[in-house]
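# Overview (structure and organization)
Spelled out from the first residue to the last, the chains are:
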Amino acid sequence: MIGALVPNMVVAYTFLPFLESFLFLFCGAVVPPYSIPHFWRSWMYHLNPLRYFLEGSITTVFSSVSFVCNEKDLVKFFAPAGQTCGEYMTSFFEAGNPGYLADPQATGECSYCTMREGSDYYNSLGWSVSNAWRNFGILVGFWLFNVGFCVFFLHLSRKQS
């Protein structure tokens with residue numbers, strides 16, 4: 001699409017990094033949607049084709065993945081005296097928070113893994129595997145729009161010369 005709007009490749013290569021920065025910043029994977037300022041989240045997040053591509057890809061791939069944290073990935077904390085880690089974290093997990101304890105019976109230092117399944121990651125972004133066909137349709141729509149846009153502007157530029 002940029003190629004149809006600019007006179008040469010040098011100008012296109014000048015604008016491309018700026019456009020790619022916007023696509024990556026507002027797709028929801030680099031900066032979670034809830035951290036994007038409201039002004040940008042209200043329109044740029046929803047207009048970004050990369051968001052729909054990544055939602056479709058990540059939810060499809062991660063839907064069958066189980067996480068096992070290694071020692072350096074675990075969040076360490078101490079349970080109150082007289083309680084096991086499992087007892088201390090019961091209300092946390094009952095509230096629907098993701099993850100698991102490496103040793104629920106530990107009484108001193110507790111080790112918590114923030115994710116148990118791949119869905120824990122994409123659910124935290126507000127994404128769902130049930131949106132796969134919607135995302136595919138939106139991407140096809142973006143593709144058709146861009147092809148039509150390019151053909152229209154290439155036709156205009158050739159007509160003038």
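Heads up: these notes are all about the structure in this document.

With that settled, the discussion passes to helix α6 (residues 85–94). Where α6 is concerned, the buried positions are C85, G86 and M89. Angularly, the buried residues of α6 cover 80° about the axis, an arc narrow enough to put them on a single face. For α6, the secondary structure elements touched by its buried residues are β1 (75–78), β2 (100–101) and β3 (109–113). Of the residues trailing α6, G96 is marked for its positive phi of about 95°.

Now for the nonpolar core. Core analysis: the biggest nonpolar cluster contains 11 residues, these being F26, C27, I36, M44, Y45, L50, L54, I58, Y122, L125 and W127. The greatest single-element share of this core, amounting to 3 residues, is contributed by helix α5 (residues 49–62). Beyond its immediate sequence surroundings of up to four residues, I36 is in contact with L25, F26, V31, R41 and Y45. Counting 8 residues, the second largest nonpolar core, distinct from the first, contains A79, L101, A106 and Y112.

Here the focus is the state of the cysteines. Counted under the stated rule, the structure contains 2 disulfides. Disulfide pairing places C69 opposite C113 at an S-S distance of 1.7 Å. Judged by the sign of its S-S torsion, about 50°, the bond between C69 and C113 is right-handed. Of this pair, C69 sits in the loop between α5 and β1 while C113 sits in strand β3; the two residues are 44 residues apart in sequence, bridging distant segments of the chain. For the pair C69 and C113, a shared accessibility class is recorded, and that class is buried.

With that out of the way, let us pick up the sheet that holds β1. Spatial strand order, β1-β3-β2: 3 strands in an open sheet with antiparallel pairing. Edge positions in the sheet fall to β1 and β2, since each of these pairs with one other strand and no more. Where β1 meets β3, 4 bridges bridge the pair, whose relative direction is antiparallel. Its bridge partner lying in β3, K76 is registered against S111.

Another aspect to go through is the packing of aromatic side chains. As enumerated under the stated definition, the model contains 17 aromatic pairs in all. Centroid distance F62 to F67: 6.3 Å. Interplanar angle 85°. Geometry classified as edge-to-face. Taking relative accessible area as the criterion, F62 reaches 25% and is therefore assigned partly exposed. Put simply, the rings of F18, F22, F26, F39, W40 and W43 touch in pairs and so form one group of aromatic residues.

Here we take up a nonpolar patch on the surface. On the surface, W133, F136, V140, W143, L144, V147 and V151 cluster together into a nonpolar patch covering about 790 Å² of accessible area. With respect to the helices and strands, W133 occurs in helix α8 (residues 132–160). Overall, W133 belongs to the exposed group, its relative accessible area being 70%.

Definitions and limits used
Residues numbered from 1 in each chain as written. Predicted model: local features only at pLDDT ≥ 70, side-chain atom pairs only at ≥ 80, totals over all residues. Heavy atoms only, no water. Buried < 20%, exposed > 50% of the residue type's maximum accessible area, 1.4 Å probe, protein only. Helix = DSSP H or I, 4+ residues; strand = E, 2+ residues; numbered from the N terminus. Arc of directions from axis to C-beta. Contact = heavy atoms within 4.5 Å. Core = buried A, V, L, I, M, F, W, Y, C linked by side-chain atoms within 4.5 Å. Disulfide = S-S within 2.5 Å. Pairing = 2+ DSSP bridges. Phe/Tyr/Trp six-rings, centres within 6.5 Å; stacked < 30°, edge-to-face > 60°. Patch = residues over 30% accessible without salt bridge, like charges linked within 9 Å, V, L, I, M, F, W, Y side chains within 5 Å. Areas by Shrake-Rupley, 256 points an atom, 1.4 Å probe, with all protein chains shown as cover. Salt bridge = Lys/Arg side-chain N within 4 Å of Asp/Glu carboxyl O.

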